[in-house]
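# A closer look at the structure
Chain by chain, the residues:
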Amino acid sequence: MTRAAVLALAAIACSAQGAPARRASVNGQSAEAIKSAVAKAEDVDAGGLECTILDGAKVPGLTVFRCQLVAKRAQRGGGYVGVMDGAGKLVLDSDEALNRVLAAWGYGAKRSVSAVDVARVAGFLEGEREPAHPILTQGDLDALDNADWRKHAALPREITVDGKPGVEYWNRSGRPPLWRTQLVVKPDGTADATVKSIGQFLEP
Amino acid sequence: MPDAARDRKATSAGAPASETDDAQAGGDNPLRARKLQQRAAERRTGVQPDATDASGPAAPDHGGGTAVDLSSPAKVGDFVHGLAAQPPGDQAAAITSLDAGKRASLAANLPPMDDVVRGVVKVVFDHTPDGEIDTLGKLLGARFNLKQVGPDTVKSDGKGIPWESKGLRAAWGVLEALPAAHVQDNKAMWALVRYKVSKGSQAEGVYVDQDDKDKTVDQAAIGYDPATVDQPDKDFSDKDDPMYGTNAFNETIRHEVGHAVDAKLGVSDSYCGKPEGGTWKQYDDGFDAALADMVSASGGAIAGLKDEVRAHVLAALAKVMKSQKFDDIKTPLSAVPGLKDDADQLKAVLADPVVQTLQKNTTAKSPWMSGGGVVMGGRVFEESYDKSWNSYAAEARDRKVSNYQFRAPGEWFAESYAAYYEPVSDPKHKGAKLAGRDPKTKAFFDASVDTAKPDKDKASDDEKKGKKK
């Protein structure tokens, strides 16, 4: 099994009696529980991990997170993104994690959540090598210092591609600096992402 | 010169008389002519063409075929050296006449690299079909003394996937143009691996010295979509920067090799601390030290606070840096003794460039991409990576080759490296891209980077791979 596989790690997230751990958390999972689970799944030292839960993800039954290997903090890389459900099942493949999120939302033609909600989670899950920061608000757009970039970047919006529903949003990180993602949801509920970096929008 | 013309010239000028004679002696008899050609080929390469080839269509044989035995390094060595004596056209034909299994065996059993072997390996690489990815990877690995050319196995880089031919062929061209001491003779460069990125992604990369379990890997990991391999980069530079519009994939390969060269030479820890190197200072997660320098550089309201109040303010700001709660600095500062009951003083502290730096010069806002962000006392302080801070002299940006160069000292060197080795039409002008913007650093590269000594003991260090540093 690869990282695409779902890793059953209920033992990590549960107490000695088998009950799910309940601490200050989102959807029942705390950053500490996630840290322990990721450390076990990836066979790394939990003390060398820092985990962050995505605030405002609003995904029923799933906690969206990113963990960083502290030893690799001063460089690109060293990150894990994924989701964990209330039973402690962990998904550490970003594509599969997004598919789980879309399934939890029942996202499709129904468009069960807003484009901003989709962008918040999907953009966050793009932050494997380093954290990604999707543009969700006018304030985020205004914070783009580069005037040429501001001409092209936009807030998340719903799109339809070849009859399939999707969401288009802009995202930022250290490298690449700014890009547009078009997320298209296929009939089976899984997503296809196509990205285009800001440079490809600029005039020659 | 077209290949055919070059081949003709090589044959007439360099082939032993007996071969030429054999090949020409068939006269008007095609069957006899072909047999004589085969004999000549056998003499050249020491192998017999496959029997089925001999009785098949009247395509000329060039010494390859499926009958050749390439099952051991000694036999491959004989084959390679036999091939090396032949004109390029014959070399190419010999490689293409092998089947995929034979090419794989050849790639797996190559003799130690010398100029002769390197030349033949390039021919083999160029004439190995695109679909034979493992063979292409092995050939590249052998040529450049890389232990692994394949999917990235470091999980925290993302999902590793196999290379494909377009990327591998482009990578070969880039690596071949770099000094041997930087690639095949660099102990900090052991693997060239690939990880998955989304469709449409421009090339990006990660240099990794240790994997997730602290084992030494020293690898350049590249993520790219083959459809963008020819794409010019306009993401990381301003239009008037030397690196604007250069090939993004090639630049990425060079950039990551640059990190490996930095690991070998330690430039970002030495040269980058000097004025000509940007006067970089590294704090990593030393928030207190970074704040002390910020306050000193700012000379703003925080510097003028009473010692006790300033200590509380700095402690609050250090917490902000640790938690990365940069969007709401006012709340923790409002609770600081000495500020919570003094609105004017609080307002003055919030207006201090130190606070503005924490609000704007963070990794989430990538200030290096747009002018550098807040400048205090001639220096830029920035969160280069999550919770990892650096500072540099703002005037150094006047000599930038790209915006990304000013993310961190390691990136400064890697971008300088990519600029220095950006191909130029006249090889005598190596380093022109860097020289045009930063002649002092170009001179430094001439003297200290381009002339780096090879790690002669790289091969013997092979056995150390996988051990903890």
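On a predicted model such as this, the values are computed, not experimentally measured, just so you know. (Residues numbered from 1 in each chain as written. Chains lettered and ligands numbered in written order. Predicted model: local features only at pLDDT ≥ 70, side-chain atom pairs only at ≥ 80, totals over all residues. Heavy atoms only, no water.)

### Observations concerning the overall build of chain B
- A tally of regular secondary structure across chain B gives 20 helices and seven strands.
- With 469 residues in all, chain B has 53% of them scored as buried.
- Counting only contacts in chain B whose residues sit at least 6 apart along the sequence, the fraction spanning at least 24 positions is 65%. (Helix = DSSP H or I, 4+ residues; strand = E, 2+ residues; numbered from the N terminus. Buried < 20%, exposed > 50% of the residue type's maximum accessible area, 1.4 Å probe, protein only. Contact = heavy atoms within 4.5 Å.)

### Points about the overall build of chain A
- If you tally the helices and strands in chain A, you get six helices and nine strands.
- Counting across all 204 residues of chain A, residues that qualify as buried make up 54%.
- Of the contacts formed within chain A by residues at least 6 apart in sequence, a portion of 48% connects residues at least 24 apart.

### Looking at the layout of surface pockets
- Computed from the structure, the largest pocket encloses a volume of approximately 1,400 Å³.
- Going through the elements one at a time, helix H2 (31-42), strand S2 (49-53), strand S3 (62-69), helix H4 (115-125) and helix H5 (138-142) of chain A together with helix H14 (307-323) of chain B are the ones with two or more residues in the lining of the largest pocket.
- Looking at which element gives the most residues to the lining of the largest pocket, the answer is S2 of chain A, with five residues.
- Residues belonging to the lining of the largest pocket are distributed by class as follows: 15 nonpolar, ten polar and 17 charged. (1 Å grid on protein atoms, 1.4 Å probe; cavity = no way out; pocket = protein on both sides within 12 Å on 5 of 7 lines; lining within 4 Å. Points joined across faces, edges and corners; volume = space filled by probe spheres on them. Nonpolar A, V, L, I, M, F, W, Y, C, P; charged D, E, K, R; others polar.)

### Thoughts on the sheet that holds strand S5 (residues 281-284) of chain B
All names here are of chain B.
- Spatially, S5-S7-S6 is the arrangement adopted by the three strands of the open sheet, whose pairing is antiparallel. On the outer flanks of this sheet lie S5 and strand S6 (379-385), each paired with one strand and no other. Between one strand axis and the next, the sheet turns through 20 degrees on average, direction left out of account.
- The strands touched by helix H13 (residues 287-298) are S5, S6 and strand S7 (388-393); relative to S5, the strand with the most contacts, the crossing angle is about 135 degrees. (Pairing = 2+ DSSP bridges. Axes fitted to C-alpha atoms, helices over the stretch in contact; angles between N-to-C directions.)

### Overview of the packing of helix H7 (residues 100-108) of chain B against helix H9 (residues 133-143) of chain B
Residue and element names in this part refer to chain B.
- The geometry of H7 relative to H9 is characterised by a closest axis approach of 9 Å and an angle of 25 degrees between their N-to-C directions. Here H7 is positioned roughly parallel relative to H9, judged by the angle of their axes. Crossing of H7 over H9 shows left-handed handedness. From H7, Arg103, Ala104, Ala107 and Ala108 reach across to H9, where they touch Thr135, Lys138 and Leu139.
- Of the residues assigned to the contact of H7 with H9, the class counts are four nonpolar, one polar and two charged. (Parallel < 35°, antiparallel > 145°, perpendicular 65-115°, else oblique. Left-handed = near helix turned anticlockwise from the far one by under 90°.)

### Overview of the packing of aromatic side chains
- The final tally for this structure, using the stated rule, is 20 aromatic pairs over all chains.
- Through a chain of ring-to-ring contacts, the aromatic side chains of Tyr271, Trp412, Phe413, Tyr417, Tyr420, Tyr421, Phe444 and Phe445 of chain B assemble into a single cluster.
- The positively charged end of Arg175 of chain A is found above the aromatic ring belonging to Tyr404 of chain B, 4.8 Å away from the centroid.
- We note Lys458 of chain B situated over the ring of Trp190 of chain B; from NZ or CZ to the ring centre the distance is 4.8 Å. (Phe/Tyr/Trp six-rings, centres within 6.5 Å; stacked < 30°, edge-to-face > 60°. Lys NZ or Arg CZ within 6 Å of the ring centre and 35° of its normal.)

### Observations regarding helix H10 (residues 165-176) of chain B
Residue and element names in this part refer to chain B.
- A rise of 1.5 Å per residue sets the reference length of H10, with its twelve residues, at 16 Å; its end C-alpha atoms lie 16 Å apart and thus fit the reference within 8%.
- Listing the buried residues of H10 in full gives Ser165, Gly167, Leu168, Ala170, Ala171, Trp172, Val174 and Leu175.
- Those residues of H10 that are buried are in contact with helix H8 (115-126), H9, strand S1 (148-151), strand S2 (191-195) and helix H11 (248-265).
- For H10, the capping residue at the N-terminal end is Glu164, with a side-chain oxygen 2.9 Å from the backbone nitrogen of Lys166. (Expected span 1.5 Å × (residues − 1). Polar contact = N/O pair within 3.5 Å; in protein donor to acceptor, adjacent residues only side chain to side chain.)

### A word on the packing of helix H3 (residues 94-105) of chain A against H4 of chain A
Residue and element names in this part refer to chain A.
- Where H3 meets H4, the closest approach of the two axes is 9 Å, and the angle between their N-to-C directions is 160 degrees. The orientation of H3 with respect to H4, classified from their angle, is roughly antiparallel. In the packing of H3 onto H4, the handedness of the crossing is right-handed. On H4, the residues touching Ser94, Ala97, Leu98, Val101 and Trp105 of H3 are Asp117, Val118, Val121, Ala122 and Leu125.
- Looking at the contact of H3 with H4, its residues break down into eight nonpolar, one polar and one charged.

### A short note on unusual backbone geometry
- Cis peptide bonds are those with omega within 30 degrees of zero, and the linkage from Arg175 of chain A to Pro176 of chain A qualifies with -5 degrees.
- By the secondary structure assignment, Pro176 of chain A is in the loop between strand S7 (164-172) and strand S8 (178-185).
- If you check the backbone angles, Thr279 of chain B has positive phi at about 50 degrees while not being a glycine.
- Mapped onto the elements of the fold, Thr279 of chain B is located in the loop between helix H12 (267-270) and S5.
- You can call Thr279 of chain B partly exposed: its relative accessible area is 23%.

### Let's talk about the sheet that holds S2 of chain B
All names here are of chain B.
- Taken together, the four strands give an open sheet; going across it, the order is S1-S2-S4-S3, and neighbouring strands pair in mixed fashion. With partners counted over all chains shown, the strands left at the sheet margins are S1 and strand S3 (204-210), one partner each. Strand-to-strand twist across the sheet, computed as the mean angle between neighbouring axes with direction ignored, equals 20 degrees.
- Bridging between S3 and strand S4 (residues 216-223) involves six bridges; their strand directions are antiparallel. When the bridges of S4 are listed, Gly205 appears paired with Ile222.
- Here H11 sits on the sheet in contact with S2, S3 and S4, set at roughly 20 degrees to S3.

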